[in-house]
Amino acid sequence: SPVIFLTGLHVQPLPWYACNSCTTRNNGPRRCAVSMSDAEEIELCASNTERLFFDRAELVARSGAGGKGAIAFCGKRPAGGSGGAGGTVSLECCSDLNTLGHLRGRFYVRAGRGNDADARASGADGTDSIVRLPPNCRVFDLDTNILVGELVRPGDRIVIANGGAGGQGNGEVWRKTRSEARGTVPPGGSERRRLMLSMILVADVGLVGHPNAGKSTLLRALTRAQPKVANYPFTTLTPNLGVCEGDTSSPMVILDIPGLLEGAHLGRGLGLEFLRHTEQCRLLLHLIDGESRDAAGDFVAINRELTLFSGDLARKPQVVVLSKADLPHVAARMPMMLDALRKVVPHNRIICISSHSRLNLEMLQIRTSALLAQLTSQKQNVQ
């Protein structure tokens, strides 16, 4: 089964998924009975694949209503107790979570109702409900489409539904007014909210490119992450994170997402669902398959999809990485591919690598780390 690597932690998603085009259940991200080389058949599995990685969840939260106040007397003096306050619903950021998988199938959360007063005794407050969420989780109100808040660090908390106030008994009303012996105040009602929880993977560097361009292989070579690697497209079905630590460069977190196809902004392929995670990256490594017949065309096509998805994403700095440079037939065509790329790439950050032979990997790591440091310095100067 696929494993999502996140700073040393891992999550085991669903043990199986069903392809829409067949009735068989497949263990992990194996190819189903249909041909996985056909991009149209891949799209049939996309909806099930998205469920393997729980980065979104819909939640309906309802706070507790307040309890009713009582009418009671101590002799002739009004002494009715007040009702308890309703419980609140809160979201809390916890460090031991790294997906929203624990909310799968849990669409409703409700806090406790405040207890009614019992003669002269006031009612107890309702029980609060706390929903635990992973770091870097955004909360949106589905009814207004407004960002409610963001949980970034462990310990952060957001109250999303306030409990109703407890109703006042005649004892409290008499104390305030001295005129209404049997007067009470009704309790406050509950509050209901429909929320969309969206978790964002935070990384310094994002890997983008066509399927089978060598993104997962590069992640394996630079980090301790162990994404699945195979010689067919769409081997990566869910995002993978790894930490790159070098002797001559600063540590950096690298994110690998499923490969992109032309038409990804329209929902084609697997990468669109997870492309939003790269919006938080400061730098993109754009991998070009060294065995591609049109390297320059691949570069233009992927950048077109990035632009159509998000203008901000398309404007992020890129390093163009030409992979599989150790293969003899690729090395023979390398000068021609580099000339073609230089005509369409608007910068000179182009490097040829091999993840298997580790050709130029140290240079890529050093230059990427230096570029990140430069971006950080520029951001500080602007602030």
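Each value, and the rule that gives it
Residues numbered from 1 in each chain as written. Predicted model: local features only at pLDDT ≥ 70, side-chain atom pairs only at ≥ 80, totals over all residues. Heavy atoms only, no water. Core = buried A, V, L, I, M, F, W, Y, C linked by side-chain atoms within 4.5 Å. Buried < 20%, exposed > 50% of the residue type's maximum accessible area, 1.4 Å probe, protein only. Salt bridge = Lys/Arg side-chain N within 4 Å of Asp/Glu carboxyl O. Helix = DSSP H or I, 4+ residues; strand = E, 2+ residues; numbered from the N terminus. Pairing = 2+ DSSP bridges. Axes fitted to C-alpha atoms, helices over the stretch in contact; angles between N-to-C directions.

Trainee: Looking at this model, I keep getting lost on the nonpolar core. Mind explaining?
Mentor: When a protein is soluble and globular, its nonpolar side chains tend to lie buried together. Grouped together as the largest cluster of nonpolar side chains are 36 residues, with contacts concentrated most on Leu91, Leu100, Leu133 and Leu197. With 23 residues, the next largest nonpolar core counts Val205, Ala213, Cys244 and Val319 among its residues.

Trainee: Would you mind going over the pattern of salt bridges with me for this structure?
Mentor: Side chains that differ in charge, positive against negative, can pair when their charged atoms come close. Applying the stated criterion across every chain yields a total of 14 salt bridges. Between Arg194 and Glu58 there is a salt bridge, and its shortest N-O distance comes to 3.4 Å. With Arg194 in strand E14 (residues 192-199) and Glu58 in strand E5 (residues 56-62), this residue pair connects regions lying 136 residues apart in the sequence. Taking relative accessible area as the criterion, Glu58 reaches 33% and is therefore assigned partly exposed. The partner of Asp312 in a salt bridge is Arg315, with the nearest N and O atoms 2.5 Å apart.

Trainee: Please explain the pairing of strand E12 (residues 146-151) as it appears in this structure.
Mentor: Along a regular strand, successive side chains alternate from one face of the sheet to the other. Taken together, the five bridges between strand E11 (residues 137-141) and E12 define a ladder with antiparallel strand orientation. Bridge pairing in E12 places Arg138 opposite Glu150. Between the antiparallel neighbours E11 and E12 lie four residues, among them Asn145 with a positive phi of about 60°.

Trainee: It is not clear to me how the sheet that holds strand E13 (residues 157-161) should be interpreted in this structure. Could you clarify?
Mentor: Strand pairing in a sheet relies on backbone hydrogen bonds. The paired strands run either parallel or antiparallel. Ordered in space as E10-E8-E13, the three strands form an open sheet in which the pairing is mixed. Each edge of the open sheet carries a strand with a single partner, namely strand E10 (129-133) and E13. Neighbour-to-neighbour, the strand axes of this sheet turn through a mean angle of 25°, independent of strand direction. Relative to E10, strand E8 (residues 89-93) runs parallel, the two sharing five bridges. Residue pairing in the sheet places Glu92 in a bridge with Arg132 of E10.

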